[in-house]
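Structural features, examined
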Amino acid sequence: MGLRLGIDLDGVVADFNTGWITAYNDRFGADLALEMVNSWDSPVELTHFPDMPAFWAWARDHGGVSVFRYLEPYPGALDTLQALDRAGHDIIILTAKPAWAVHDTLGWISDHRLPMRAIHFTEHKHTVACDIYLDDAPEHVRALANQRGSAATVCRFVRPWNDPTDGAVDIHDWDEFHELVKDREEVVTR
Ligand SMILES: [Mg+2]
């Protein structure tokens, strides 16, 4: 039986940090490195932007497209999602991206032929019922664990900008997530 897999994009499938750092270095002659991103507030801590609204004002427009248009997928992400799709699972994309990023996000998904059955642009991911969730944002992992933890498996994709969360399972890479889905599938179909 196929499971509903609620999959976040940025920080999970799409390498948002490498994307904005590369664009920032190119634009401002800076020398930021990916290893410097170690907190949720890094875009402000590492740049000249005074706050996140100022960062987003820059990130949303690079010659007519946003920073979300040309991100690289993380290693293993697409292969694993394709394998899970072939295995009969429903991939439900759950992303909290702002309204101005919707079309660039859909373009990015199309470019990469990301297998999926639905997409929700929402800050309230727990309102979308799934069997397994995979997210990297501290606030979303926490909310999903609190709201859906008794009915679903909530996974934290371990990144430098998040911490262990009560009720969430730690996932370190896409192979580990693939194994977790297979294990859950066996439990459900037994
Ligand atoms: Mg994310």
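Residues numbered from 1 in each chain as written. Predicted model: local features only at pLDDT ≥ 70, side-chain atom pairs only at ≥ 80, totals over all residues. Heavy atoms only, no water.

Quick word on the overall build of the protein
As a reminder, the rule being used: The way it works is that DSSP assigns letters per residue, a run of H or I at least four long becomes a helix, a run of E at least two long becomes a strand, and they are numbered from the N terminus. Note that the radius of gyration is over C-alpha atoms, with the globule rule given as 2.2 Å times the number of residues to the power 0.38. Type-normalised accessible area, obtained with a 1.4 Å probe on protein chains alone, sets the label of each residue: buried when under 20%, exposed when over 50%, and partly exposed for intermediate values. Residues count as neighbours in contact if any of their non-hydrogen atoms are within 4.5 Å of one another. Counted as positive: Lys and Arg. Counted as negative: Asp and Glu, with His and the chain ends omitted from the count. A charged residue contributes its charge at one atom only: NZ of Lys, CZ of Arg, CG of Asp or CD of Glu.
Helices and strands together make up the secondary structure of the protein, namely seven helices and six strands. Starting at the N terminus and walking to the C terminus, you meet the elements of the protein as β-α-α-α-α-β-α-β-β-α-β-β-α. Relative to a compact globule of 190 residues, whose C-alpha radius of gyration would be 16 Å, the protein shows 17 Å and is just as compact. With respect to the principal axes defined by its C-alpha atoms, the protein has extents near 55 × 35 × 25 Å. Split into buried and exposed, the 190 residues of the protein put 47% on the buried side. For the protein, restricting intrachain contacts to residue pairs at least 6 apart in sequence, the fraction spanning at least 24 positions comes to 64%. Considering the protein, the positive charge centre built from 16 side chains and the negative charge centre built from 31 side chains are found 6 Å apart.

So, the nonpolar core
A general trend in soluble globular proteins is that nonpolar side chains are found buried together. Rules: Residues belong to a common nonpolar core when they are buried Ala, Val, Leu, Ile, Met, Phe, Trp, Tyr or Cys residues joined through side-chain atoms within 4.5 Å. A domain assignment, automatic or from a database, supplies the domain bounds used here.
In terms of nonpolar packing, the biggest core is built from 41 residues, with Ile7, Val13, Trp20, Leu134, Trp174 and Phe177 touching the most fellow members. The residue makeup of this core includes at least three contributed by each of domain 1 (4-15 + 72-189) and domain 2 (16-70). Beyond its immediate sequence surroundings of up to four residues, Ile7 is in contact with Val12, Val13, Leu81, Ile91, Ile92, Ile93, Leu94, Leu134, Trp174 and Phe177. In terms of nonpolar packing, the next biggest core, distinct from the first, is built from eleven residues, Tyr133, Val141, Leu144 and Ala152 among them.

A word on the coordination of the magnesium ion
Put simply, the rule reads: Donor atoms (N, O, S) are those found within 2.8 Å of the metal centre, with the cutoff raised to 3.2 Å for Na, K and Ca; water is not part of the atom list, so apparent gaps in a site can occur.
Coordination sphere of the magnesium ion, protein contribution only: Asp8 (OD), Asp10 (O) and Asp136 (OD), at 2.0 to 2.1 Å. Read in sequence order, the donor residues for the magnesium ion give the motif D-x1-D-x125-D.

What to know about the domain arrangement of the protein
Put simply, the rule is: Take the accessible area each of two parts loses on contact, using a 1.4 Å probe, and add the two losses: that sum is the buried area. Whenever a carboxyl oxygen of Asp or Glu lies within 4 Å of a side-chain nitrogen of Lys or Arg, that contact is scored as a salt bridge. N or O atoms closer than or at 3.5 Å make up a polar contact, with two conditions inside protein: a donor-capable atom paired with an acceptor-capable one, and, for residues adjacent in sequence, both atoms drawn from side chains. Basically, the charged four are Asp, Glu, Lys and Arg, the nonpolar ten are Ala, Val, Leu, Ile, Met, Phe, Trp, Tyr, Cys and Pro, and anything else, Gly included, counts as polar.
The domain architecture assigned to the protein consists of domain 1 (4-15 + 72-189) and domain 2 (16-70). In this structure, domain 1 and domain 2 have C-alpha centres spaced 23 Å apart. Opposite the 18 residues of domain 1 that make contact, domain 2 presents 16 residues. Buried area between domain 1 and domain 2, summed over both chains or domains, comes out near 1,500 Å², and the portion from carbon and sulfur atoms is 58%. Across the pair Asp111 and Arg69 runs a salt bridge, and its minimum N-O distance is 2.7 Å. If you look at where domain 1 meets domain 2, you find six residue pairs in polar contact (both at pLDDT 80 or more). The leading source of residues in the side of domain 1 that touches domain 2 is helix 5 (residues 102-111), at five residues. Among the residues forming the side of domain 1 that touches domain 2, the class breakdown is nine nonpolar, two polar and seven charged.

Quick look at helix 6 (residues 138-148)
Keep this limit in mind: This arc corresponds to the set of directions leading from the helix axis out to the C-beta atoms.
All buried positions along helix 6 are accounted for by His140, Val141, Leu144, Ala145 and Arg148. Projected down its long axis, helix 6 carries its buried residues within an arc of 130°, all on one side. Tucked inside the fold, the buried residues of helix 6 contact strand 4 (132-135), strand 5 (153-157) and strand 6 (168-171).

Comments concerning helix 3 (residues 52-59)
Turn by turn, an α-helix covers 3.6 residues, leaving residues three or four places apart pointing in a common direction. Of all the residues in helix 3, the buried ones are Phe55, Trp58 and Ala59. Angularly, the buried residues of helix 3 cover 95° about the axis, an arc narrow enough to put them on a single face. The inward-facing, buried residues of helix 3 abut helix 1 (16-28) and helix 2 (42-45). Two or three places before Ala54, at the opening of helix 3, Asp51 has a side-chain oxygen 3.0 Å from that residue's backbone nitrogen.

Focus: unusual backbone geometry
Residue Arg113 is not a glycine yet carries a positive backbone phi of 50°. Tracing the backbone shows Arg113 in the loop between helix 5 and strand 3 (118-121).

As for the packing of aromatic side chains
For any pair of aromatic rings, geometry is given as the distance between the ring centres together with the angle between the planes. Worth spelling out the cut-off: Any pair of Phe, Tyr and Trp rings, taking the six-membered ring for Trp, is counted once the centres come within 6.5 Å. Such a pair is stacked with planes under 30 degrees apart, edge-to-face with planes over 60 apart, and tilted for the rest.
According to the stated counting rule, one finds 19 aromatic pairs in the structure shown. Ring geometry for Phe16 against Trp56: centres 5.8 Å apart, planes inclined by 25°, an arrangement best described as stacked. On the criterion of sequence distance, the pair formed by Phe16 in helix 1 and Trp56 in helix 3 is long-range, its members being 40 residues apart. Geometrically, the ring pair formed by Phe16 and Phe68 is stacked, given 5.5 Å between the ring centres and 20° between the ring planes.

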